[in-house]
Amino acid sequence: MAPTTPTPVALITGASSGIGLAAALALIEKGWAVYGGARRVDRMQQITDAGGTAIELDVTDDSSMTAAVERIVAERGRIDVLVNNAGYGSYGSLEDVPIDEARRQFEVNVFGLARLTQLVLPIMRELGRGRIVNISSIGARIYEPLGSWYHSTKFAVEGLSDSLRLELAPHGIDVVIVQPGPIRTEWNTISRESLLERSGQGAYAEQASRMHANYTRVDEGPMSASPEEVAQTIVHAVTTGRPRTRYAVPFSAKAIVGLRRLLPDRMMDAILSRLA
Ligand code: NAP
């Protein structure tokens, strides 16, 4: 979407770290009024220093989301773009992950995204335009052992986004999906820790330990990219006149998505089961 007058306004969730922080800084550099939201406001000083606004936002807390949106409308009178980026990876075998944790995974990665979108939509509909960029994952195209809950949330984000794109088109609002591959952020530490915490012992311990070792190699290897690279794709998805419906980034993610299209399930299973 081309910048308009007055200054276009973006709300980016999960802006205290990794992809969200990098996207906030990149969009500020493009001249946008950026509101970065996260629970750790102290981790968003860079956004404030660059001329953006850091707001406390917990996507599992309705009043926190309502207050954030009300503040932006009071200060700017508009929200042109919502980047739903907040999320984390909850790993461990399905048998080992407590259902309450599975619900929390959905609360952050899916229901938080959906509720914030509900709050922003009336503002975009009134403007007659807007763009919602949902940060999914290549994990919505492939799957991993001991990752059933995380993958479920990202598959859900994609189904939700595709339906929403059709639903919102008559209102001039577009929905774009970004599918990062392996990116060097705190996400890796959080997901690896959850994997070992839940399945590091017991029936799935060997798989968990192999997977942990393999992922450490991926994190450090050439397949993984910086959050800044994903941020450039997000900036493109936000600012281009006619975005694609989904963007896989970096190159390794594009290759994996392409492979998934070509290979039958059993062949994919053979490849992906080597992870663990
Ligand atoms: P990250 O560095 O761990 O950042 C995650 C962000 O989400 C943090 O700013 C965190 O902020 C926020 N967050 C978590 N829970 C929240 C909550 N309840 N309310 C509000 N904010 C919350 O990870 P990242 O890699 O940048 O992840 C960003 C997105 O990319 C996620 O949706 C992730 O699933 C997706 N992704 C990442 C990778 C990867 O390899 N890194 C790959 C594919 C997809 P606070 O803790 O301060 O609230």
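Residues numbered from 1 in each chain as written. Predicted model: local features only at pLDDT ≥ 70, side-chain atom pairs only at ≥ 80, totals over all residues. Heavy atoms only, no water.

## As for the sheet that holds strand S7 (residues 246-249)
Which entries qualify depends on this criterion: At least two bridges found by DSSP between two strands is the condition for calling them paired. Numbering goes from the N terminus for both helices and strands, where a helix is a DSSP run of H or I of at least four residues and a strand is a run of E of at least two. Orientation is described by lines fitted to C-alpha atoms, with helices fitted over the stretch in contact, and by angles between N-to-C directions that extend from 0 to 180 degrees. Any two residues whose heavy atoms approach within 4.5 Å at even a single point are treated as in contact.
Ordered by their spatial adjacency, seven strands build an open sheet running S3-S2-S1-S4-S5-S6-S7, and the pairing between neighbours is parallel. One side of each edge strand has no neighbouring strand; the edge strands of this open sheet are strand S3 (53-56) and S7. Shown here is a sheet whose adjacent strand axes are inclined to one another by a mean of 20°, direction ignored. Taken together, the four bridges between strand S4 (residues 81-84) and strand S5 (residues 130-135) define a ladder with parallel strand orientation. Within S5, the residue paired with valine 81 across the bridge is arginine 131. Contacts between helix H9 (residues 251-262) and the sheet are confined to strand S6 (173-180) and S7, with S7 contributing the most and set at about 115° to the helix.

## Quick word on the site of the ligand
To keep things clear, this is the line we draw: It suffices for a single heavy atom of a residue to lie within 4 Å of a molecule or strand for the residue to be listed as near it. Counting of polar contacts relies on pairs of N or O atoms within 3.5 Å, with two restrictions inside protein: one atom must be capable of donating a hydrogen and the other of accepting it, and residues adjacent in sequence are counted only when both atoms are side-chain atoms. The Shrake-Rupley method, run with a 1.4 Å probe, gives the accessible areas here. Residue values count only the displayed protein chains as cover. Each residue gets one label: Ala, Val, Leu, Ile, Met, Phe, Trp, Tyr, Cys and Pro are nonpolar, Asp, Glu, Lys and Arg are charged, and the others, such as Gly, are polar.
Surveying the vicinity of the ligand reveals 30 residues, the closest of which are Ser16, Ser17, Arg39, Tyr150 and Thr185. Here an oxygen atom of the ligand and a backbone polar atom of glycine 14 are 3.0 Å apart. For the ligand, an oxygen atom lies 2.7 Å from a polar atom in the side chain of arginine 39. Within the complex, 96% of the 880 Å² of free accessible area of the ligand lies under protein. Those elements giving two or more residues to the shell around the ligand turn out to be helix H1 (18-29), helix H5 (148-168) and helix H6 (186-199). It is H6 that provides the largest number of residues to the shell around the ligand, a total of three residues. Here the residues of the shell around the ligand are counted per class, giving 13 nonpolar, twelve polar and five charged.

## Structural notes on the pattern of salt bridges
Cut-off, in case you're wondering: Put simply, a salt bridge is a Lys or Arg side-chain nitrogen that is within 4 Å of an Asp or Glu carboxyl oxygen. Exposure categories follow from relative accessible area, calculated using a 1.4 Å probe and restricted to protein chains: below 20% of the type maximum is buried, above 50% is exposed, and the middle band is partly exposed.
Scanning the model with the defined rule gives 17 salt bridges in all. One salt bridge in this structure joins aspartate 100 and arginine 103, with 3.6 Å as the shortest N-O distance. Residue aspartate 100 and its partner arginine 103 are both found in helix H4 (residues 99-127); the two are separated by three residues, about one turn of the helix. As far as burial versus exposure is concerned, aspartate 100 and arginine 103 are alike and both exposed. Glutamate 206 is the partner of arginine 210 in a salt bridge, and the nearest nitrogen-oxygen pair spans 3.8 Å. On the criterion of helical spacing, the pair formed by arginine 210 and glutamate 206 is a turn pair, its members being four residues apart in helix H7 (residues 205-220). The network of salt bridges with common partners includes Arg141, Glu158, Asp162, Arg165 and Arg246.

## As for the pairing of S5
Two faces belong to every sheet, and in a regular strand the side chains alternate between them. Cut-off, in case you're wondering: Seen with the strands pointing away from the viewer, any crossover whose path from the first strand over the helix to the second strand runs clockwise is right-handed.
In terms of burial, S5 is a largely internal element, six of the six residues being buried. Residues of S5 alternate between two faces, with Gly130, Ile132 and Asn134 on one and Arg131, Val133 and Ile135 on the opposite face, all of them buried. Regarding topology, H4 serves as the crossover connection from S4 to the parallel S5, and that connection is right-handed. Pairing geometry for S5 and S6, over six bridges, is parallel. Residue pairing for S6: arginine 131 is matched across the bridge by aspartate 174.

## Brief notes about unusual backbone geometry
The omega angle of the peptide bond from valine 249 to proline 250 is 0°, so this bond is cis rather than trans. Relative to the elements of secondary structure, proline 250 occurs in the loop between S7 and H9. Phi is positive for leucine 146, close to 60°, though the residue is something other than glycine. As for its placement among the helices and strands, leucine 146 is situated in the loop between S5 and H5.

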